[in-house]
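Residue strings, one per chain:
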Amino acid sequence: MSIPANLKYTKDHEWVSIEGDVATVGITHFAQKELGDIVYVEVETLDQTLDKDEVFGTVEAVKTVSDLFLPLTGEIIAFNESLESAPETVNSDPYGAGWMIKIKIADASEIDGLLSDEAYKQLIGA
């Protein structure tokens, strides 16, 4: 199972890539595999500032809907609009073209609370 070492992770199975004060967020390979075929990604929080662990959207698979939790406090500054017409990209490329949102980080100290790739591997038993 692919768990890139250059990313941070959450207990809710989101991955986070940090560049300066902007974080790109998506769901992990493990999460997309557990969900199955993803048919819809909804993010209605664009341009909103949310607190860490608040729901920023949902991902809908054939048999379930799952909330998406914000890994860091900040303003949602971008949504991957290509997911509107091709939500299955989250299944085929969860760490690349399947990214979901970009956040302008409000509190950089929260980054320390994210999991390393090794800690995430332990969480999922990989």
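Quick notes on the rules
Residues numbered from 1 in each chain as written. Predicted model: local features only at pLDDT ≥ 70, side-chain atom pairs only at ≥ 80, totals over all residues. Heavy atoms only, no water. UniProt positions renumbered as here; feature names shortened; annotations may be inferred. Pairing = 2+ DSSP bridges. Helix = DSSP H or I, 4+ residues; strand = E, 2+ residues; numbered from the N terminus. Buried < 20%, exposed > 50% of the residue type's maximum accessible area, 1.4 Å probe, protein only. Polar contact = N/O pair within 3.5 Å; in protein donor to acceptor, adjacent residues only side chain to side chain. Core = buried A, V, L, I, M, F, W, Y, C linked by side-chain atoms within 4.5 Å. Contact = heavy atoms within 4.5 Å.

The chain is annotated in an unreviewed UniProt entry as Glycine cleavage system H protein from Flavobacterium azizsancarii. A UniProt comment under Subunit (unreviewed entry) is attached to the chain, and it reads "The glycine cleavage system is composed of four proteins: P, T, L and H." Quoted verbatim from the Function (unreviewed entry) heading of the UniProt record, the comment on the chain is "The glycine cleavage system catalyzes the degradation of glycine. The H protein shuttles the methylamine group of glycine from the P protein to the T protein."

Quick look at the sheet that holds strand 8 (residues 74-79) now. Spatially, six strands are ordered 1-2-3-9-8-5 in an open sheet, and the strand pairing comes out antiparallel. The open sheet has two edge strands, strand 1 (8-9) and strand 5 (49-50), and neither has a second partner. Of the strand pairs in this sheet, strand 1 and strand 2 (residues 14-19) are connected by two bridges, and their pairing is antiparallel. Paired with Lys8 across the strands is Val16, a residue of strand 2.

For the rest of this paragraph, the subject is the UniProt feature "modified residue: N6-lipoyllysine" (unreviewed entry) in the chain. UniProt records the feature "modified residue: N6-lipoyllysine" (unreviewed entry) for Lys63 in the present numbering. Summarising the element assignment, Lys63 is placed in the loop between strand 6 (55-61) and strand 7 (65-69). What makes Lys63 exposed here is its relative accessible area of 80%.

So, about the side chain of Asn80. Following the sequence through the fold, Asn80 ends up in the loop between strand 8 and helix 2 (82-85). A polar contact is formed between the side chain of Asn80 and the backbone oxygen of Trp99, at a distance of 2.7 Å.

Here the focus is the nonpolar core. In a soluble, globular protein the nonpolar side chains are often hidden away together inside. Of all hydrophobic cores here, the largest spans 26 residues; its most connected members are Ile27, Val41, Phe56, Met100 and Ile101. When residues of this core are traced back to their parent elements, those giving at least two are strand 3 (22-27), helix 1 (29-35), strand 4 (38-42), strand 6, strand 8 and strand 9 (101-105). Phe56 has contacts with Val25, Glu42, Val43, Glu44, Thr45, Leu50, Leu68, Phe69, Leu70, Ile76 and Ile101, leaving out every residue within four places of it along the chain. Listed in part, the nine residues of the second largest apolar core include Leu7, Tyr9, Trp15 and Phe30.

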